[in-house]
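# A closer look at the structure
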2 protein chains.
Amino acid sequence: MNPQAIKVACSNCNLRELCMPVGLSDQDMSRLDELVAVRRKVKRGSTLFTNGEKFTSLYAIRTGFFKTCLATEDGRDQVTGFQMAGEIIGLDGIVNDQHTCDAVALEDAEVCVMPFDRIEELSREVNALQHHVHKIMSREIVREHGVMLLLGSMRAEERLAAFLLNLVQRLHARGFSQSELVLRMTREEIGSYLGLKLETVSRTFSKFVEEEIVEVKQRHVRILSTEGLQRLVNNQAHCE
Amino acid sequence: MNPQAIKVACSNCNLRELCMPVGLSDQDMSRLDELVAVRRKVKRGSTLFTNGEKFTSLYAIRTGFFKTCLATEDGRDQVTGFQMAGEIIGLDGIVNDQHTCDAVALEDAEVCVMPFDRIEELSREVNALQHHVHKIMSREIVREHGVMLLLGSMRAEERLAAFLLNLVQRLHARGFSQSELVLRMTREEIGSYLGLKLETVSRTFSKFVEEEIVEVKQRHVRILSTEGLQRLVNNQAHCE
DNA sequence: CGAATTATTGATGACTTTCAAGGGATGTGG
DNA sequence: CCACATCCCTTGAAAGTCATCAATAATTCG
């Protein structure tokens, strides 16, 4: 059986509270089932879309873990985000009808493909969907403001602490532990996201271990003191 | 006469190509005139909206110049953008029905107030408006990706060069010079946006002057070598 | 005109990067 | 199932970049 032919139904999806509007009538909900054209599997290491590619759809992550990253001709490189189940990617492509970054699966993944013209069509008829789409985009804008604050005003320790707290909080919202996590990305990818070199990320992890804030075994991280991380992020030391 | 009572019409506005969809029928265009409830004047130094304030409207800048900035309780501070005539601000407020940053006028300004529920209503009926709203939000997301690249991977000179090029390019799109500009913000505000201290911004300006890339007299900047700035931004030196 | 804000410049120091080397982990093919 | 190649991570030493502290000058605004 072709996996792409599997009948898709948001109304039955256990992630729907993450990607869909809440409080829909049954009628509206069943209309939303039309949103997802197909599902698509993406192997670890391969791309869901790439810079320059024509934009057609938004993608809701069902399983797996992605990074989005910019690569300029002159060799600069920036991870702009890490995305997990229930999150929507592809918003960058709307403005110029083509994607402006790469979305790379960091582990085998599956996404729901939602053709954007269908989203716009349904949005005109289902008010809750319309508003939901607006909220998703606004949320991404606000998230990026936070990253700008991080990159613009935090030191290495603070950045990594904020990063870990953010990750674990999102994982917890998905039913995972509040204190344990498995990083799906390399030190280099973390560094790129945080505006640091991989050695700095590694050293900062080591420092946290020394201070008994976390335990680290390669990509397995156990947070021993959430407050310790919080204190770092809220540090007043470097502010006027 | 109450200035807020002035009859507002996007269809006659000389900025409409900047904030409105293009290629509308006369009929749709006249419908869009309903979008703008009133205009509002904002004195230099005062805020259009502030963090925590209830979100009601998006704002199209008619005249003047704004900064948007985040301020956390622990004293961190980050300018997230500078906005000029024809640009839309307030998108951050949609997701949680309240603004998450401050919008401060850096010179006396006037904005068109567009109640968001009216935008959503009209969006359902005028497809071009719906798509335009999506594009504006997507554009903001892409812009922020660019800022992340800047903050995450560029050195001071490169950041300031990119900043100047971006500013002058936007001003040029509004009919101003390609080579001369008046900064509306302080060195500290530039620094906050670029993740640098004001002294570093000042020093970097001085270095550019020494290298005869720009002339600087306080806030008046004349670009002598756009290519020089471009070369800095596209520098391969710090990339793998 | 004077106070306050803004900008410049120098000296010093902190933090991060760069360069380098070695150890572990992972995965593939024999 | 082991061996080997590759990738990833850690750690040290040195260098570079930017921040901080401080003093002065220029400008703006009431």
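Residues numbered from 1 in each chain as written. Chains lettered and ligands numbered in written order. Predicted model: local features only at pLDDT ≥ 70, side-chain atom pairs only at ≥ 80, totals over all residues. Heavy atoms only, no water.

## A word on the sheet that holds strand β7 (residues 180–182) of chain B
Residues and elements named next belong to chain B. The sheet built from three strands is open, its strands ordered β7-β9-β8 with antiparallel pairing. A single partner strand is all that each edge strand has here, and the edge strands are β7 and β8 (214–217). In this sheet, neighbouring strand axes are inclined to one another by 15° on average, regardless of whether the strands run parallel or antiparallel. (Pairing = 2+ DSSP bridges. Helix = DSSP H or I, 4+ residues; strand = E, 2+ residues; numbered from the N terminus. Axes fitted to C-alpha atoms, helices over the stretch in contact; angles between N-to-C directions.)

## As for the packing of aromatic side chains
Per the counting criterion, the structure on display carries twelve aromatic pairs over all chains. Considering the side-chain rings of Phe-49 of chain B and Tyr-59 of chain B, the 5.9 Å spacing of their centres and the 25° angle between planes classify their relative orientation as stacked. You can see Phe-49 of chain B sitting in strand β2 (residues 47–49) and its partner Tyr-59 of chain B sitting in strand β3 (residues 57–71), a full ten residues away along the chain. In this structure Phe-49 of chain B comes out as buried when scored by relative accessible area, which is 0%. Given the relative accessible area of 4%, Tyr-59 of chain B is considered buried. Through a chain of ring-to-ring contacts, three or more aromatic side chains come together here, namely Phe-65, Phe-82, Phe-163 and Tyr-193 of chain A. (Phe/Tyr/Trp six-rings, centres within 6.5 Å; stacked < 30°, edge-to-face > 60°. Buried < 20%, exposed > 50% of the residue type's maximum accessible area, 1.4 Å probe, protein only.)

## So, the domain arrangement of chain A
Interfaces are frequently sized by the accessible area removed from exposure as the parts join. Residue and element names in this part refer to chain A. By the assigned domains, chain A splits into domain 1 (3–140) and domain 2 (154–239). Computed over C-alpha atoms only, the centres of domain 1 and domain 2 are separated by 27 Å. Taken together, the contacts link 16 residues of domain 1 with eleven residues of domain 2. Taken together, the two surfaces of domain 1 and domain 2 that pack against each other cover about 1200 Å², and 57% of this comes from carbon and sulfur. Our count for the contact surface shared by domain 1 and domain 2 stands at four salt bridges. Across the salt bridge formed by Arg-184 and Glu-107, the nearest N and O atoms sit 3.1 Å from each other. Tallying contributions element by element places strand β4 (residues 77–84) first for the side of domain 1 that touches domain 2, with eight residues. Class assignment for the residues of the side of domain 1 that touches domain 2 results in seven nonpolar, five polar and four charged. (Domains from an automatic or database assignment. Contact = heavy atoms within 4.5 Å. Buried area = accessible area lost by both parts, 1.4 Å probe. Salt bridge = Lys/Arg side-chain N within 4 Å of Asp/Glu carboxyl O. Nonpolar A, V, L, I, M, F, W, Y, C, P; charged D, E, K, R; others polar.)

## Points about the nonpolar core
Core analysis: the biggest nonpolar cluster contains 74 residues, and Phe-163 of chain A together with Phe-163 of chain B have the highest contact counts within it. Leave out the neighbours within four places in its chain, and Phe-163 of chain B touches Phe-82, Leu-183, Met-185, Ile-190, Tyr-193 and Leu-194 of chain B. (Core = buried A, V, L, I, M, F, W, Y, C linked by side-chain atoms within 4.5 Å.)

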